[in-house]
Amino acid sequence: CANINLMELHRFLLGLCAFLQAYGSVSTESTCKLKAKFNLNSYKDVKKKVTVGGMFSVHQRIVSGTRNTSTLPVSSGCEGFNFRTFRWTQTMLFAIQEINARKDLLPNTDLGYVIYDSCFTISKAVEGTLTYLTGQDVAVPNYRCGSGAPLAALVGAGGSDLSIATARILGLYHFPQVSYFSSCSALQSKFQFPTFLRTIPNDQHQSKAMAKLVLHFGWTWVGTIAADDDYGKYGIKEFKEQVEEAGVCISFSETLPTVASPEDIARVVDTVVDSTAKIIVVFASDVNLNPLIAELVRNNVTNRTWIASEAWVTSALINQPGISSVLGGTLGFGVRRAEIPGLQDYLLRLDPYDNTLTEEFWETAFNCTLDYAKAMRQARLSSANGSLSRGARAVPEGLCNGKEGLLQLHNTYTDVSQLRITYNVYKAVYAVANALHNLEHCVVGQGPFNKNSCADISAFEPWQLMYYLKNVNFTVPHTAEEIYFDQGEVAGYYDIINWQFNDDGELSYVHVGNYTGKDPSTAKMEIWNSSIVWNNGQFEPPRSVCSENCAPGTRKGIRQGEPVCCFDCIPCADGEISNITNARECIQCGEDYWSNEVRDLCIPKIIEFLAFGEPLGITLIVISAFGALITIGVMVVFLLNLGTPLVKANDPLLSFSLLFSLVVTFLCSIVYLGEPAPWSCMTSQVALALGFALCLASLMGTVGSGSGLIGIIRPNRMTDWTFIQIHFSMTVLCAAACTVWLIILPPHPVKNTAAQNVKIILECDVGSIVFICCIFGYDMLLALVAFIFAFMARKLEDHFSEAKCVTFGMLVFFIVWISFIPAYLSTRGKFMVAVQIFAILASSFGLLACIFLPKCYVLLVKPESNTEELMKPRPKPREGSTGTSASLASSGTSLNATTASTVID
């Protein structure tokens, strides 16, 4: 209906009237034929100067039944009497009566009225509109067939669908319409509805207010239910646009049919039950919503919070027994509430015989009938034998006397505590009256029309009244509210209402906030959270989310094929953080930072190095110092026994060189401790390389000279002094290589952030892999040569075999450094340094023990064995006899002693 083109409708109606005119003159007697008979309930008083129209949905629906095509068609009747809308009807009559009694408003003009019942149906609303425009019970489109008082404006027609239908017709004739209940935003279009005005705020305000409410409480997962009409469709559409733009997701979106069926209602109930959304926004009238609420109560659907539109938030039709568990805690928006003095008294003075509508009201309210014959028939039907006593015939049971007390009803009609839509009706009637007042009191020559003319109150055109109605500005009696229209709209104002039930199940509409604003984009909302009682009597707002918020330290992972509000919380990876709730991405920490355990903060990485003061560092220092002291002690022992055969036999110069190199290796391990610095990195690597080079060169010299290997290898040319020269040459060569290394690419401290994520390992970078491989490869070459020399000289017949000691020492050296490689590669951080120091200390202690322990044993424990006799070589055993190790050692030792003596001399 909202999409019908205005001009097409206009052309259709003009064509229809032209067709009716085709048979003769324009008089109704000669040209108008009755095609159908309208069956309309109405209030009429047209014997006044000006007639005001009204349209109210006094009934909820039309009577369903089969259409009889064999007789003159008659429109369907209505059923389902609505006390609430009947009160609105009586309010219009009260307002007209009040205006007619005033001396300051239309003092010379009395208002009449024509009020039709639209039965909450578009067809009935159209019937009433056409009949109202025609001026008689038989509708003649495009003609005013009566000659009575001019028609002022139509107050109505109730729901938005009804007003859209009537406004299209009235707009063709520029006939003013002031609605009290049609809030659909589609009606704001002045192109389609040029003469439509309203005293209820545009639903754009309400949709914005609902969105603000949802966002205020942090609800991101809501369901929506809308009536299958323009009011529901437009209202829920604008609400969804507002909240979805703010990141709220719609769990489900259901529609309520205008003609409810059990299947449709059951489908909506199943959707509500199956959804995890705890917040449900409903844009529907009380008439459309009532079947759904009844089914929800029957199925005991609880633990939901309902957001109500103004159409049902204070409706007594919804407030039925047993709803407290379903609708308790409902929040809704009600239009401005007011007190109207004198209205309740007027409502209570209702004459049951005044009109067919008042008769139906009375019979429905008191469950009786005002028709004596009908009461008699009902009494006979209920009698057992079909006969009645004399008393029963006089006053049959079920007969109303017309004097029943309305005050005792306690129903919606007499309840004036929540006059909201009623107040809109009151304002609409006063808007028309003030516009007529301004029209009547136009000053001749200063009017707004052609040649500054004025309109005649007794014979004005609707478009002339429309001018005054658009520009009306007045203060409502008793409330002091200022009313004016801005493009046919009034400012947005809503009371936020909370449904609170007491222990007896009685409902109270508690005011818990306000929404105000002329423009939805700048409107403000105030909510008093502490005053709200939620579902099941809770005081904390319910949560309605598809997924709980992702805490800091996690990020949102969208679920495929589901709304963006449904997500998984994925922990941030190591080294990444999120410090806000519902983070979309995790943030990478800086190079020197790492994520904490909960991954919501980047903290500085742990700086790790093998410190002097920690237990492991202290242990290594003690071991290193102990090794150095032992080595120095051996040097002292050798110095004290420098002239003894054993010391002289082992070349004191090379022995002291070997001991000095061991002191260097013991002490250089200490330099590996502490925070790496440029000097310590260079010192530790170079000292170790030179220390081992000196050590291994000394061993090679000791084995070559002391064991008599010179004579075996080159007896005529090579002397002990030659071996000493070679020994120092080897050391100098290593020193030269280290010098070049330090000049070109020296070792330097670095921050290793790759080895362990949570730590910055301070370590020494060797500078050049090539240089360190060459230098320590050179040391390994010396070790291999020394081992070969020692292995070849192991069977020389000395009493004290130097070569065997060196052989065992070199075996320990190789075992330690071969074991070092996998151990070093399998460790990280400061323990790599510890493994390296252990390898240095182990190899140094191995060489010290294997080479010098036997000698110290002789020097300190068995000094009687330290004689030249024992140092001389023993004779070789006879052929066939078995030589002992002692004889070999004696022979070798004698040879060593002789050679050593020669070198010393």
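Calculation rules
Residues numbered from 1 in each chain as written. Predicted model: local features only at pLDDT ≥ 70, side-chain atom pairs only at ≥ 80, totals over all residues. Heavy atoms only, no water. Pairing = 2+ DSSP bridges. Helix = DSSP H or I, 4+ residues; strand = E, 2+ residues; numbered from the N terminus. Axes fitted to C-alpha atoms, helices over the stretch in contact; angles between N-to-C directions. Contact = heavy atoms within 4.5 Å. UniProt positions renumbered as here; feature names shortened; annotations may be inferred. Patch = residues over 30% accessible without salt bridge, like charges linked within 9 Å, V, L, I, M, F, W, Y side chains within 5 Å. Areas by Shrake-Rupley, 256 points an atom, 1.4 Å probe, with all protein chains shown as cover. Salt bridge = Lys/Arg side-chain N within 4 Å of Asp/Glu carboxyl O. Buried < 20%, exposed > 50% of the residue type's maximum accessible area, 1.4 Å probe, protein only. Core = buried A, V, L, I, M, F, W, Y, C linked by side-chain atoms within 4.5 Å.

Please explain the sheet that holds strand β10 (residues 249–256) as it appears in this structure.
Backbone hydrogen bonds are what pair the strands of a sheet, in a parallel or an antiparallel way. The eight strands lie next to each other as β10-β9-β11-β12-β13-β16-β17-β18, forming an open sheet whose pairing is mixed. Looking at the sheet topology across the chains shown, the edges are occupied by β10 and β18 (524–527). Across the sheet, the mean angle separating the axes of adjacent strands is 25 degrees when strand polarity is ignored. Across ten bridges, strand β16 (residues 492–501) lies against strand β17 (residues 507–517) in antiparallel orientation. Counterpart to Gly-492 in the pairing with β17 is Gly-517. The sheet strands contacting helix α8 (residues 262–274) are β9 (221–227), β10 and β11 (279–283), and the helix crosses β10 at an angle near 165 degrees.

What am I meant to see in the UniProt feature "transmembrane region" (unreviewed entry) in the chain here?
This chain's UniProt record puts "transmembrane region" (unreviewed entry) on residues 616–641, 653–674, 686–712, 724–746, 766–793, 805–825 and 831–853. Annotated as 86% helix and 0% strand, the span residues 653–674 places its first and last C-alpha atoms 35 Å apart. Secondary structure within residues 805–825 divides into 100% helix and 0% strand; the distance between the first and last C-alpha atoms comes to 31 Å.

Can you walk me through a nonpolar patch on the surface in this structure?
A contiguous nonpolar patch, built from Leu-629, Ile-632, Val-636 and Leu-640 and spanning about 410 Å² of accessible area, is present on the exposed surface. Take Leu-640: it is sitting in helix α17 (residues 615–640). For Leu-640, a relative accessible area of 70% corresponds to the exposed category.

What is the right way to look at the sheet that holds strand β1 (residues 42–45) in this model?
Reading across from one edge, β1-β5-β2-β6-β7-β8 is the order of the six strands in this open sheet, with mixed pairing throughout. Of all strands in the sheet, those bounded by a partner on one side alone are β1 and β8 (196–198). Between one strand axis and the next, the sheet turns through 20 degrees on average, direction left out of account. Note that strand β2 (residues 50–56) and strand β6 (residues 151–155) share three bridges and pair parallel. Bridging from a neighbouring strand, Thr-51 pairs with Leu-151 of β6. Packed onto the sheet, helix α3 (residues 83–101) meets β1, β2, β5 (111–117) and β6 and runs at close to 175 degrees relative to β5. Across the sheet, helix α4 (residues 122–134) touches β2, β5 and β6, and the angle it forms with β2 is around 175 degrees.

Help me understand the pattern of salt bridges, please; the structure alone is not making it clear to me.
In a structure, side chains of opposite charge can pair up when their charged atoms sit close to one another. Under the defined criterion, the tally for this structure stands at 22 salt bridges. A salt bridge links Glu-79 to Arg-61; its shortest N-O distance comes to 3.3 Å. Placement of Glu-79 in strand β4 (residues 78–81) and of Arg-61 in strand β3 (residues 59–62) is noted, with a sequence separation of 18 residues between them. Residue Arg-61 is classed as partly exposed on the basis of its relative accessible area of 42%. Between Glu-562 and Arg-559 there is a salt bridge, with the nearest N and O atoms lying 3.7 Å from each other. Residue Arg-559 is classed as partly exposed on the basis of its relative accessible area, which comes to 27%.

Could you clarify how one ought to interpret the nonpolar core in this entry?
As a rule of thumb, nonpolar side chains are buried together in soluble globular proteins. In this structure, Phe-361 and Leu-436 are the most contacted members of the largest nonpolar core, which totals 105 residues. If one sorts the elements of this core by residue count, helix α15 (residues 421–440) sits on top with 13 residues. For Phe-361, the contacting residues outside a window of four places in its chain are Phe-81, Phe-83, Phe-86, Leu-350, Leu-406, Leu-409 and Tyr-413. Membership of the second largest hydrophobic core comes to 63 residues, among which are Phe-638, Met-730, Ile-775 and Phe-814.

For this particular structure, what's the right way to read unusual backbone geometry?
Excluding glycine, a negative phi dihedral is what most residues carry, and trans is how most peptide bonds are arranged. The omega torsion of the bond from Gly-156 to Ala-157 falls at 10 degrees, within 30 degrees of zero and hence cis. Phi at Leu-106 is positive, roughly 50 degrees, even though this residue is not glycine. Take Leu-106: it is sitting in the loop between α3 and β5. Its relative accessible area of 1% is what places Leu-106 among the buried residues. Backbone geometry at Cys-119 places phi at a positive 55 degrees, although glycine is not the residue there. By the element assignment, Cys-119 lies in the loop between β5 and α4.

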